[in-house]
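# Residue-level structural notes
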Protein chains: 2
Amino acid sequence: MELRHLRYFKAVAENGGFARAARILRVAQSAISGQIHDLEEELGASLFDRAKRQIRLTYHGELFLKDAKTVLASPDCAHSAERYW
Amino acid sequence: MELRHLRYFKAVAENGGFARAARILRVAQSAISGQIHDLEEELGASLFDRAKRQIRLTYHGELFLKDAKTVLASPDCAHSAERYW
DNA sequence: TGAGGTTACGCCTATCGTAATAATG
DNA sequence: CATTATTACGATAGGCGTAACCTCA
């Protein structure tokens, strides 16, 4: 698992879809799809409910989103003006 | 920046050298050296003092180590038995 | 001279974009 | 028919190991 997985996952979760996340991150939909797939495989759990047209976070997805946000926001960079990432 | 950079950096810092970190992580020294180099370049600051034979954390290195540890320890995984990474 | 860090180089995997496909409203 | 997610596929980039080099006890 790498930070890229968390960034992509967070973008999808917060924007309600792969397509919108892809536009915002300026990558292809397929890149998002692949990374989310790998992430779900590594975690051994589905993160999104793909039944309907609009995806929804699963229970595991909700929990993992909290952790992802925590990680991505971790360093408050008291010693550095700009964010690390 | 990816989690790999943080893992390598933490290993070097906590084991007092690139060689020992490489042995523990089971990668080549050159892999460690390259990733630390990239990390320092991205941060725009040296993380280690290489003047003497044994390396030492710089001021920025000390600060960044705290952040790295925070990130790597972030998810307490209340909902999952095993660690994410 | 042996151990540690850096650099050069080639391999190999993984990520990416394009494009085609299926499904949904 | 427009939008969205998945999949196949080829190209590219990046991480890794090997090996050579330099430095220091």
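See the structure shown above.
Residues numbered from 1 in each chain as written. Chains lettered and ligands numbered in written order. Predicted model: local features only at pLDDT ≥ 70, side-chain atom pairs only at ≥ 80, totals over all residues. Heavy atoms only, no water.

### Thoughts on the protein's contact with DNA strand C
Stated formally: Residues are counted as near a molecule or strand when any one of their heavy atoms sits within 4 Å of it. Any N or O atom pair separated by 3.5 Å or less is treated as a polar contact, with the protein-specific requirement of one donor-capable and one acceptor-capable atom, and with residues adjacent in sequence counted only for side-chain atom pairs. Comment: elements are numbered from the N terminus, with helices defined as DSSP H or I runs of at least four residues and strands as E runs of at least two. Residues are sorted three ways: Asp, Glu, Lys and Arg are charged, Ala, Val, Leu, Ile, Met, Phe, Trp, Tyr, Cys and Pro are nonpolar, and all the rest, Gly among them, are polar.
Near DNA strand C you find 19 residues, and of these Y8, A28 and R53 of chain A together with R50 and R53 of chain B are the closest. Among all atoms of DNA strand C positioned within 4 Å of the protein, those belonging to sugar or phosphate total 63%. Interatomic distance of 3.0 Å between a side-chain N/O atom of R4 of chain A and a phosphate oxygen of DNA strand C. Interatomic distance of 3.0 Å between a side-chain N/O atom of S30 of chain A and a base oxygen of DNA strand C. Listing elements by their share of the surface near DNA strand C, those giving two or more residues are α1 (3-15) and α3 (29-43) of chain A together with α2 (18-25) and α3 (29-43) of chain B. The residue makeup of the surface near DNA strand C, split by class, is six nonpolar, six polar and seven charged.

### Brief notes about the packing of helix α1 (residues 3-15) of chain B against α2 of chain B
To characterise two packed helices, one gives the angle between the axes of the helices and the distance between these axes. All names here are of chain B. As a reminder of what qualifies: Lines fitted to C-alpha atoms define the axes, with helix axes restricted to the stretch in contact, and inter-axis angles between N-to-C directions lie between 0 and 180 degrees. In what follows, roughly perpendicular refers to angles from 65 to 115 degrees, roughly parallel to angles under 35, roughly antiparallel to angles over 145, and oblique to any angle outside these ranges. Crossings are assigned a handedness: left-handed for a near helix turned anticlockwise from the far helix by less than a right angle, right-handed for a clockwise turn. The contact rule is simple, with two residues in contact once any of their heavy atoms fall within 4.5 Å.
It is at 8 Å that the axes of α1 and α2 come closest, and there the two elements cross at 120 degrees. Classified by the interaxial angle, the pair formed by α1 and α2 is oblique. Considering only the axes of α1 and α2, their crossing is right-handed. Mapping the contact onto sequence places R7, Y8, A11, V12 and N15 in α1 and F18, R20, A21, I24 and L25 in α2. Taken together, the residues that form the contact of α1 with α2 break down as seven nonpolar, one polar and two charged.

### A closer look at the packing of aromatic side chains
All names here are of chain A. Cut-off, in case you're wondering: A pair of Phe, Tyr and Trp rings is counted when the ring centres sit within 6.5 Å of each other, with Trp represented by its six-membered ring. The angle between the planes then sorts it: under 30 degrees is stacked, over 60 is edge-to-face, the rest tilted.
This structure, assessed with the given rule, holds six aromatic pairs over all chains. An angle of 55 degrees between the planes, with centres 5.4 Å apart, marks the rings of F9 and F64 as tilted. Within this pair, whereas F9 is found in helix α1, its partner F64 is found in helix α4 (residues 59-73), the two being separated by 55 residues in sequence. An aromatic cluster of at least three residues, connected via ring pairs, comprises F9, F18, F48 and F64.

### Here we look at the nonpolar core
The following threshold applies: To define a nonpolar core, start from buried Ala, Val, Leu, Ile, Met, Phe, Trp, Tyr and Cys residues and group those joined through side-chain atoms within 4.5 Å. Under the scheme applied here, a residue whose accessible area is under 20% of the maximum for its type counts as buried, over 50% as exposed, and between as partly exposed, the area being computed with a 1.4 Å probe on protein chains only.
In terms of nonpolar packing, the biggest core is built from 44 residues, with F9 and F48 of chain A together with F9 and F48 of chain B touching the most fellow members. When residues of this core are traced back to their parent elements, those giving at least two are α1, α2 (18-25), α3 and α4 of chain A together with α1, α2, α3 and α4 (59-73) of chain B. Here F48 of chain A is in contact with F9, V12, A13, F18, I36, E40, I55, R56, L57 and T58 of chain A, once residues within four sequence places are set aside.

### Points about the pattern of salt bridges
Applicable threshold: Any carboxyl oxygen of Asp or Glu within 4 Å of a side-chain nitrogen of Lys or Arg constitutes a salt bridge here.
Evaluated as defined, the whole model comprises ten salt bridges over all chains. Between R4 of chain A and E2 of chain B there is a salt bridge, with its nearest N and O atoms 3.7 Å apart. Of this pair, R4 of chain A sits in helix α1 while E2 of chain B sits in the segment before α1, each in a different chain. Residue R4 of chain A is classed as partly exposed on the basis of its relative accessible area of 28%. For E2 of chain B, a relative accessible area of 12% translates into the label buried. Measuring nitrogen to oxygen at the nearest pair gives 3.7 Å for the salt bridge that ties K69 of chain B to E14 of chain B. Residue K69 of chain B is located in helix α4, and its partner E14 of chain B is located in helix α1; the two are separated by 55 residues in the primary sequence. Judged by its relative accessible area of 37%, K69 of chain B is partly exposed. Relative accessible area serves as the criterion here: at 44%, E14 of chain B is assigned to the partly exposed category. Residues joined by salt bridges that share partners form a network here, namely E2 of chain A together with R4 and R7 of chain B.

These figures capture arrangement, not role.
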